[in-house]
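Structure at a glance
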Amino acid sequence: MKLTEKQLEQIRNQIKRVKACGNPYYTERFKNINPEDIKTQEDFENLVPFCSKQDLRDAYPLGLAAVPDEEIVRIHSSSGTTGAPVIIPYTQKDVDDWAVMFARCYELAGITKKDRIQITPGYGLWTAGIGFQAGCEKLGAMAIPMGPGNTEKQLQMMQDLGSTVICATSSYALLLAEQVEARKIGNNIKLKKGIIGSERWGEKMRERIQKIFGIELYDIYGLTECYGPGIGINCTEQTEGIHIFDDYVYIEILDPVTGKPVEEGQVGEITLTTLVKEGAPLFRFRTHDLAAFVPGKCKCGRSYPRITQILGRSDDMVKVKGNIIFPSTIEDVIKTVPGTSSEYRALIEHVDGKDQITITVEVEGGVDRSEVAITIAYEFKQKYNLTPLVKVVGIGELPRSEKKTKRIEDTRYN
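Residues numbered from 1 in each chain as written. Predicted model: local features only at pLDDT ≥ 70, side-chain atom pairs only at ≥ 80, totals over all residues. Heavy atoms only, no water.

A tally of regular secondary structure across the protein gives eleven helices and 21 strands. With the C-alpha coordinates of the protein rotated into their principal frame, the extents come out at 65 × 55 × 40 Å. When the 414 residues of the protein are sorted by exposure, 55% land in the buried category. The contacts of the protein with a sequence gap of at least 6 include a subset with a gap of at least 24, amounting to 66%. Accessible surface, the protein: about 18,400 Å² in total, of which carbon and sulfur atoms supply 49%. (Helix = DSSP H or I, 4+ residues; strand = E, 2+ residues; numbered from the N terminus. Buried < 20%, exposed > 50% of the residue type's maximum accessible area, 1.4 Å probe, protein only. Contact = heavy atoms within 4.5 Å. Areas by Shrake-Rupley, 256 points an atom, 1.4 Å probe, with all protein chains shown as cover.)

And the structure:
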């Protein structure tokens, strides 16, 4: 997307501010950059350096703070499961801006102050739960701040309070839906919409959650490093893509290898620059999330830039016998095979001197399991010139998660 004059001015102002704040992280990053030299899109792309997750980790704990300590009202953190955690400081303006964006997400999904919003993502250092709640309160709707887990209590509150919106990871939304189905309490559930985020999910999973709950599902986007969830969502024109709030963030989609912009409609890596964030502004942060721009204007009439659903992560990619495999690679095969559910696991091993991928997939009762296994192996071979071992189990036999689900395990380098 092209930078507007207003966005360029906001970026120049941000660079001026961080160069003057005295923080060594920003001083070093921009020591040879004069903000006034950034006059065009080309200047921005040539002069402003990329920022990586490792850069943020290296600044642990509060090396990203671009304001004095007394202006920091809150911190959030990434999980740190793949390295040192990243600590993100927030000013009061950052907190308020995030709530405004999140309330906007609810509005784009057709949610109003008459709704009752059940919030199941985690609270605490993680950005999710508190972001969902702040946006809900900004909107004026009723927040039901359940947090993660305790499925028994979740279902009780869902029924007793008449929740109309569920906020969850796709994994936990599926777990709750399957519990509603198993307990035959669907008639007691008043849900109309689901706001789903934190992990990518395939069409099979979407269809299963929608079918059981009978609700509309919306993809919310965001990440801890950039406010948190709530910087974008798809609107009530369901298939028109995720709107990104370009009055707060500037989005690029780049070739993961070259770092150059891809052609409109091509898949690349989402790269974000915050335009007004105070506590820890980001400049060209490479998220590793993969998506493509959706061209044209949305049927809803809004002019925000749009992206596709997140298609995967560049760091989720594994290579097996010369083939690049993403979760979406496996999902694209499974979804074409009748009787399969959305749930699968893939195990990649080095066995007897060669790589082997084993895919375990769930199927509905009454389905010929051997036929499913043969079909998946055949389709995989046809599409990717790679033949997996396929194991078939019944619905619910693979473990469910209250958070995110790890679908591909690669043990070759352990």
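Right, picking up where we left off after that structure.
For the rest of this paragraph, the subject is the sheet that holds strand β21 (residues 408-410). Strands sit in the order β20-β19-β18-β21 across an open sheet of four strands; the sheet is mixed. Taken across any chain shown, the strands that pair with only one partner, and hence form the sheet edges, are β20 (389-394) and β21. Each adjacent strand pair in this sheet contributes to an overall mean axis angle of 15°, direction not counted. Packed on one face of the sheet, helix α10 (residues 327-334) meets β18 (340-351), β19 (354-363) and β21 and runs near 130° to β18. (Pairing = 2+ DSSP bridges. Axes fitted to C-alpha atoms, helices over the stretch in contact; angles between N-to-C directions.)

On to helix α5 (residues 92-108). With 17 residues, α5 should cover 24 Å at 1.5 Å per step; its first-to-last C-alpha distance of 25 Å lies within 8% of that length. Most of α5 is tucked away, with twelve of its 17 residues classed as buried. Within the span of α5, buried status applies to D94, V95, D97, W98, A99, M101, F102, A103, R104, C105, Y106 and L108. Positive phi appears at G110, one or two residues downstream of α5, with a value of about 80°. (Expected span 1.5 Å × (residues − 1).)

Turning next to the pattern of salt bridges. Counted by the stated rule, this structure contains 17 salt bridges. Taking the shortest distance from any N to any O, the salt bridge between E225 and K53 comes out at 3.1 Å. Taken together, the residues E225 in the loop between β7 (216-223) and β8 (228-234) and K53 in helix α4 (residues 53-58) connect sequence positions 172 residues apart. In this structure, K193 and E216 form a salt bridge, with 2.7 Å as the shortest nitrogen-oxygen distance. Note that K193 is positioned in strand β6 (residues 193-196) and E216 in strand β7, a separation of 23 residues in sequence. Classification of K193 as buried rests on a relative accessible area of 13%. Salt bridges sharing partners connect three or more residues here, namely E178, E181 and R208. (Salt bridge = Lys/Arg side-chain N within 4 Å of Asp/Glu carboxyl O.)

So, on to the environment of V320. Relative to the assigned elements, V320 resides in strand β16 (residues 318-320). Residue V320 is classed as buried on the basis of its relative accessible area of 0%. Distance in space between the C-alpha atoms of V320 and I357 is 7.7 Å, their sequence separation being 37 residues. For V320, the contacting residues outside a window of four places in its chain are I325, I348, D355, L386 and R412.

Below, the discussion takes up the state of the cysteines. This structure, assessed with the given rule, holds zero disulfides. This cysteine, C298, is not joined by any disulfide, and C300 carries the nearest cysteine sulfur, 3.5 Å off. (Disulfide = S-S within 2.5 Å.)

Another aspect to go through is the pairing of strand β10 (residues 249-254). With respect to burial, β10 is a largely interior element, six of its six residues being buried. Residues V249, I251 and I253 point to one face of β10 and Y250, E252 and L254 to the other, with burial holding for every one of them. When β10 meets strand β11 (residues 268-274), the two strands line up antiparallel, connected through six bridges. Paired with Y250 across the two strands is T273, which belongs to β11.

Taken together, the side chains of L62, I75 and L125 present a nonpolar region at the surface, about 240 Å² in accessible area. For I75, the location among the structural elements is in strand β1 (residues 74-77). (Patch = residues over 30% accessible without salt bridge, like charges linked within 9 Å, V, L, I, M, F, W, Y side chains within 5 Å.)

We now examine the side chain of E225. Residue classification places E225 among the buried residues on the basis of a relative accessible area of 5%. Of the polar contacts made by the side chain of E225, one reaches the side chain of K53; its length is 3.1 Å. (Polar contact = N/O pair within 3.5 Å; in protein donor to acceptor, adjacent residues only side chain to side chain.)

Taken together, the nine strands give an open sheet; going across it, the order is β4-β3-β5-β6-β7-β8-β9-β14-β13, and neighbouring strands pair in mixed fashion. Taken across any chain shown, the strands that pair with only one partner, and hence form the sheet edges, are β4 (142-145) and β13 (293-294).

This part is about the packing of α5 against helix α6 (residues 128-139). Two numbers describe how α5 lies on α6: the axes approach to 7 Å, and their chain directions differ by 75°. On the basis of their axis angle, the class for α5 and α6 is roughly perpendicular. Of α6, the residues touching α5 (which contributes W98, A99, V100, F102, A103, Y106 and E107) are I130, G131, F132, A134, G135, C136, K138 and L139. For the contact of α5 with α6, the residue count by class is eleven nonpolar, two polar and two charged. (Parallel < 35°, antiparallel > 145°, perpendicular 65-115°, else oblique. Nonpolar A, V, L, I, M, F, W, Y, C, P; charged D, E, K, R; others polar.)

Turning our eyes to something else, we now look at unusual backbone geometry. Look at the link from Y60 to P61: it is a cis peptide, with omega at 0°. Positioned with a positive phi, N150 is a non-glycine residue whose angle comes to about 55°. If you trace the backbone, N150 turns up in the loop between β4 and α7 (151-160). Classification of N150 as exposed rests on a relative accessible area of 51%.

That's the geometry; what it means functionally is another story.
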